[in-house]
Amino acid sequence: MKTHLSLPRICITATGESPGDLLECARRALQYSRFVELRLDWLPRPADALPQIQQLLAATNSPAQPRRAILQATCRRRENGGRFAGTVSEQLRLLEKAAMAGCQLLDLEIESAESAGQDAIAHLRRMAGLILSFHDFQKTPSIAPAARRLRGFPADYYKLVTTATRQSDNCAVLEFLSSATEAANGEGKWIAFCMGEAGIPSRVLALSRGSAFVYASYPPGPEEPAAPAAPGQLDWETLQSRYRAEKITTRTPLYGLLGNPVRHSIGFAIHNAAFRARGLDAIYLPLLAGDLQDFRKAAQRYPLAGFSVTIPHKEAVLRFVDRMDRITQAVGAVNTVRVRRGRWEGINTDVEGIQIPLQKALRLSAKKFLTAGFRAVIVGNGGAARAAVIALRSLRCRKIAVTGRNPAKVRRFAREMGVDSMPLANLGTERFDLLVHATPAGLWPHAEQCFLLPEQIGADTVFDLIYNPPATRLLQIARASGCRTISGLEMFLAQAARQFEFWTGQQAPARLMRRVALQELGRLRNDTTTTEAGAA
Ligand code: NAP
């Protein structure tokens, strides 16, 4: 017998390849949300789980734990992106039995509904609440025809799930949600979001646009990796705490990280924690994008209030920026954009990110500059090396040399930037006050690598721009030979603080950002033992 359901807004998907594992996952998931989806199709024999569903509900809904658990049964067929190998009638029978075992919601894909016909679906709907679902695992097709297909069958909820291959796919789905919710006078009958890493913004923003609920995976533990049941699915903790999915409204300013890839950035943890610490209603999202033209349009549709820019877009984004300062022009790359009345204002906070830790480490007060004979060598000839040249110039460093693995590229860089070029083989034969390492050699997950031999580190101070791990192999070697060292984490934190201030006009909570950065790097199982902050 069906009763009206009052649903929590985040449903945790429980998975497992045996009935015991599935139900154990569900039992633990119920500690976070009383609304859990059981992926019965993950089991070789889904029917084996049915007796345990009854036991789980009996245990969960005991007088000692009066919160009523709501279980959703899903047994998606292989043809439609699930793992169930049976026929449509076997699928319907199984869902009926799941309802009899106590599942109050049943998810059925539109393909099965169309094959079974209206009477079979009406019968199923009498057993439990019906979620009729549409999935596209490749792309985001035109939404209207998919929605029409779903509406062809009466259901309690309609679920429309596509795959984002670009940022505007998120916008299309979110706009659909907003208009469907408005048309239903605010009644949340639709669940819609995009799968895939590019689709994460839609999962975070869906509730704010009227989605009845969204799905999350079980939160990972220290020894337990996250186990998303679908591409791009976030765990409950991340969705609820980091991205505040239940608190976001249509007025919440949206920020994010534009790049490809963006997955391993610690910026999401840092900026979201900083917004929260300052009591700001704002959110910082992963914005995976390959196509900048599409991103430009998506930024208007979300609309975005600002974003960070990382590889490979720092230079390409220049042509979309409406305004930038002289430093940014000199670097030729933008890593931060603020959107004001639709116009993009770009800055490069990497320059300050290098300048501030240097000032601290070399004990230069804000007004003092480097001594006239100060000599610096930069290893690498990419964007970070350019930022290092500008930062050193702003500290009035007159003797700057650059070196790297490709002599022709090093010479071209030196000509463009007006600095000296130096063959890599000469490194170690001359003494420098400062060595700045600006290549990715030694970056996680290749933390054992080091581009330089110990005898090539002929400098009093070594600044490795890599922040993950904070204590790179290069810094360890430099420290062991008595050099003063500066970690790229100092650069990351200084540039992130500047971004925060540029976007919000408020002082960044620097101590908190450092603590969160270290926690997050630790979570990524990297070396967090030495931040070299003491160098400052
Ligand atoms: P980029 O523009 O791609 O330049 C990379 C430079 O490193 C190029 O000179 C490249 O040489 C060289 N290189 C690439 N792989 C190498 C290898 N395996 N061995 C030796 N040299 C190699 O990158 P970028 O933006 O300048 O970034 C460089 C480093 O700075 C990265 O590790 C990045 O994580 C770090 N960074 C840190 C921060 C921070 O906040 N801490 C900010 C920005 C960048 P070719 O020209 O010959 O290819």
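(A) Fine view of the layout of surface pockets. Quantified by volume, the second largest pocket comes out at close to 1300 Å³. Taken together, 37 residues line the second largest pocket, and the ones lying closest to its centre are D235, T238, R242, E520 and R523. Looking at which element gives the most residues to the lining of the second largest pocket, the answer is helix α10 (residues 267-277), with 5 residues. Residues of the lining of the second largest pocket, tallied by class, amount to 17 nonpolar, 10 polar and 10 charged.

(B) Local environment of the site of the ligand. In the vicinity of the ligand, 21 residues are found, and the nearest of them are N381, A384, R405, L465 and G488. In the model, an oxygen atom of the ligand is placed 3.2 Å from a nitrogen or oxygen of the K409 side chain. Between L465 and the ligand, the recorded distance is 2.8 Å, taken from a backbone N or O atom to a nitrogen atom. Protein chains bury 77% of the 920 Å² of accessible surface belonging to the ligand in isolation. For the shell around the ligand, the secondary structure elements donating two or more residues are α14 (383-394) and α17 (488-504). Broken down by element, the residue count for the shell around the ligand peaks at 4 residues, all from α17. When grouped by side-chain class, the residues that make up the shell around the ligand number 9 nonpolar, 8 polar and 4 charged.

(C) View of the nonpolar core. Ranked by internal contacts, the top residues of the largest apolar core, which has 125 residues, are L38, L40, I53, L160, F295 and F307. Among the elements that line this core, the one with the most residues is α17, at 8 residues. In contact with F295, other than residues within four places in its own chain, are Q167, L258, L287, A289, L304, F307 and W344. The next biggest cluster of nonpolar side chains, apart from the first, holds 35 residues, and it includes A387, M417, L434 and I486.

(D) Structural detail: the sheet that holds strand β4 (residues 105-109). Taking strand neighbours across the sheet as the criterion, the 8 strands line up as β7-β6-β5-β4-β3-β2-β1-β8 in an open arrangement whose pairing is parallel. Of all the strands in the sheet, the pair left with one neighbour each is β7 (190-195) and β8 (214-217). Pairwise comparison of adjacent strand axes, ignoring direction, gives a mean angle of 25 degrees for this sheet. In the sheet, strand β3 (residues 70-74) pairs with β4 via 3 bridges, with the strands oriented parallel. Residue pairing in the sheet places T74 in a bridge with D107 of β4. Packing against the sheet, helix α7 (residues 167-183) makes contact with β6 (157-163) and β7, and its axis sits at approximately 175 degrees to β7.

(E) Examining unusual backbone geometry more closely. Each neighbour pair has its own omega, and for Y302 with P303 the value is -10 degrees, a cis peptide bond. Mapped onto the fold, P303 is located in the loop between α11 (292-301) and β11 (306-309). Between N468 and P469 the backbone carries a cis peptide bond, its omega angle lying at 5 degrees. Structurally, the position occupied by P469 is in the loop between β19 (459-464) and α16 (473-480). Not every positive phi belongs to a glycine, and R363 is a case in point at roughly 55 degrees. Considering the arrangement of structural elements, one finds R363 in the loop between α13 (350-361) and β15 (375-379).

(F) Examining the confidence of the model for the chain more closely. On average, the chain scores 93 in pLDDT, and the residues at 70 or more come to 96%. Taken together, the stretch residues 526-536 has pLDDT below 50 and engages in 35 contacts with residues farther than four places along the chain or on a different chain.

(G) Broad picture of the environment of W190. Here W190 is to be found in strand β7. Distance from W190 to D291, taken between C-alpha atoms, is 29 Å for residues 101 residues apart in sequence. Every residue in contact with W190, bar those within four places of it in the chain, is listed here: A147, L150, R151, Y158, L160, F176, L177, A180, G210, S211 and A212.

(H) Representation of the environment of Q233. Looking at the element boundaries, Q233 is found in the loop between β8 and α9 (236-242). The spatial distance from the C-alpha of Q233 to the C-alpha of C194 is 9.5 Å, given a sequence separation of 39 residues. Those residues in contact with Q233 that sit more than four places away from it in its chain are T13, R203, Y215, A216, S217 and P228.

The rules we used
Residues numbered from 1 in each chain as written. Predicted model: local features only at pLDDT ≥ 70, side-chain atom pairs only at ≥ 80, totals over all residues. Heavy atoms only, no water. 1 Å grid on protein atoms, 1.4 Å probe; cavity = no way out; pocket = protein on both sides within 12 Å on 5 of 7 lines; lining within 4 Å. Points joined across faces, edges and corners; volume = space filled by probe spheres on them. Helix = DSSP H or I, 4+ residues; strand = E, 2+ residues; numbered from the N terminus. Nonpolar A, V, L, I, M, F, W, Y, C, P; charged D, E, K, R; others polar. Near = heavy atom within 4 Å. Polar contact = N/O pair within 3.5 Å; in protein donor to acceptor, adjacent residues only side chain to side chain. Areas by Shrake-Rupley, 256 points an atom, 1.4 Å probe, with all protein chains shown as cover. Core = buried A, V, L, I, M, F, W, Y, C linked by side-chain atoms within 4.5 Å. Buried < 20%, exposed > 50% of the residue type's maximum accessible area, 1.4 Å probe, protein only. Contact = heavy atoms within 4.5 Å. Pairing = 2+ DSSP bridges. Axes fitted to C-alpha atoms, helices over the stretch in contact; angles between N-to-C directions. pLDDT = per-residue confidence, 0-100.

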